[in-house]
Amino acid sequence: MGGSFEKLMGELDYPLYVLTAAAGDQRSGCLIGFATQTSIHPPRFLACVSRKNHTHPVAVRSEVLAVHVLRDEHRDLAELFGGETGDEVDKLAHVCWRPGPGGVPLLADVSAWFAGRVIGRFDLGDHEGFLLEPLEASAAPLPSELSFQEAKDIEPGHEP
């Protein structure tokens, strides 16, 4: 059963995001694919972060997280935030960003994003889910989202 489920999940396509976090003087970010809107009224979004990811302990201590929607033109950001680990590389030193609500990094090259207050956390196995209440957003046309199938050849910066 497990092999068939993994094969099925590997064939699905879904958007990719860069999640950024700030806690105290620490900043971090990672590529995420496990994420979805969970409610319209009130607006809610669930962003899931691998417990092995360098960003996880920063996200756990963060009051606000930012979710950046990647387009096809952002493959370089997907490679940086998904193919490198914050244990070895300060990813934010390689991009332009500005502080958003709660000091969370907002990536300058991504025009579609939102920052959300963490209102709940959930144990989801090897990932932790962060339920976000949007605080601030930038909506921009998304002619072509960068998807999992388009970026699945990026080698993870940490062990899966």
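Residues numbered from 1 in each chain as written. Predicted model: local features only at pLDDT ≥ 70, side-chain atom pairs only at ≥ 80, totals over all residues. Heavy atoms only, no water.

**Student:** Lay out unusual backbone geometry in plain terms, naming residues and giving numbers.
**Tutor:** Cis geometry marks the peptide bond from His 41 to Pro 42, where omega comes out at 0°. One can find Pro 42 in the loop between strand S3 (35–39) and strand S4 (44–50). (Helix = DSSP H or I, 4+ residues; strand = E, 2+ residues; numbered from the N terminus.)

**Student:** Summarise the sheet that holds strand S9 (residues 127–138); cite the residues concerned and give the values.
**Tutor:** In sheet architecture, strand pairing relies on hydrogen bonds along the backbone and comes in two forms, parallel and antiparallel. Taken in spatial order, the seven strands make up an open sheet running S2-S1-S5-S8-S9-S4-S3, and their pairing is antiparallel. Lying at the two open borders of the sheet, with one neighbouring strand each, are strand S2 (26–32) and S3. Shown here is a sheet whose adjacent strand axes are inclined to one another by a mean of 35°, direction ignored. In this structure, strand S5 (residues 64–69) lies alongside strand S8 (residues 113–123), joined through five bridges in antiparallel fashion. From the neighbouring strand, Ala 66 faces S8, where its bridge partner is Ala 115. (Pairing = 2+ DSSP bridges. Axes fitted to C-alpha atoms, helices over the stretch in contact; angles between N-to-C directions.)

**Student:** Describe helix H3 (residues 75–83), listing the residues and the values that go with them.
**Tutor:** Within the sequence span of H3, burial applies to Leu 77, Ala 78, Leu 80, Phe 81 and Gly 82. The elements touched by buried residues of H3 are strand S1 (17–23), S2 and strand S7 (105–107). (Buried < 20%, exposed > 50% of the residue type's maximum accessible area, 1.4 Å probe, protein only. Contact = heavy atoms within 4.5 Å.)

**Student:** Residue-level account of the pattern of salt bridges, with values.
**Tutor:** Taken as a whole and judged by the stated rule, the model has seven salt bridges. A salt bridge links Glu 133 to Arg 44; the nearest nitrogen and oxygen atoms lie 3.7 Å apart. Remark: Arg 44 occurs in strand S4 and Glu 133 occurs in strand S9; sequence separation between them is 89 residues. Where Asp 123 meets Arg 51, a salt bridge forms, and the shortest distance between an N and an O atom there is 3.0 Å. Taken together, the residues Asp 123 in strand S8 and Arg 51 in the loop between S4 and helix H2 (55–61) connect sequence positions 72 residues apart. Using a relative accessible area of 61% as the deciding quantity, one classes Asp 123 as exposed. Judged by its relative accessible area of 34%, Arg 51 falls in the partly exposed class. Each of Arg 51, Arg 121, Asp 123 and Glu 128 takes part in a single network of salt bridges with overlapping partners. (Salt bridge = Lys/Arg side-chain N within 4 Å of Asp/Glu carboxyl O.)

**Student:** Please provide a residue-by-residue account of the side chain of Arg 71, values included.
**Tutor:** Relative to the elements of secondary structure, Arg 71 occurs in the loop between S5 and H3. The exposure class assigned to Arg 71 is buried, which follows from its relative accessible area of 14%. In this structure the side chain of Arg 71 is engaged in a polar contact, spanning 2.9 Å, whose partner is the side chain of Glu 73. (Polar contact = N/O pair within 3.5 Å; in protein donor to acceptor, adjacent residues only side chain to side chain.)

**Student:** An account of the environment of Asp 25 is requested, with residue identities and associated values reported.
**Tutor:** You can see Asp 25 is positioned in the loop between S1 and S2. Assessed through its relative accessible area of 73%, Asp 25 is described here as exposed. The spacing of Asp 25 and His 54 is 29 residues in sequence and 15 Å in space, taken between C-alpha atoms.

**Student:** Give a detailed account of the packing of aromatic side chains, specifying residues and quantitative values.
**Tutor:** Scanning all chains against the criterion turns up three aromatic pairs. Here Phe 45 and Phe 114 contribute two aromatic rings whose centre-to-centre distance is 5.1 Å and whose plane-to-plane angle is 70°, an arrangement assigned as edge-to-face. Placement of the pair is Phe 45 in strand S4 and Phe 114 in strand S8, with a sequence separation of 69 residues. Among the residues examined, Phe 114 registers a relative accessible area of 12% and is labelled buried. Through pairs of rings, three or more aromatic residues link up here, namely Tyr 17, Phe 45 and Phe 114. (Phe/Tyr/Trp six-rings, centres within 6.5 Å; stacked < 30°, edge-to-face > 60°.)

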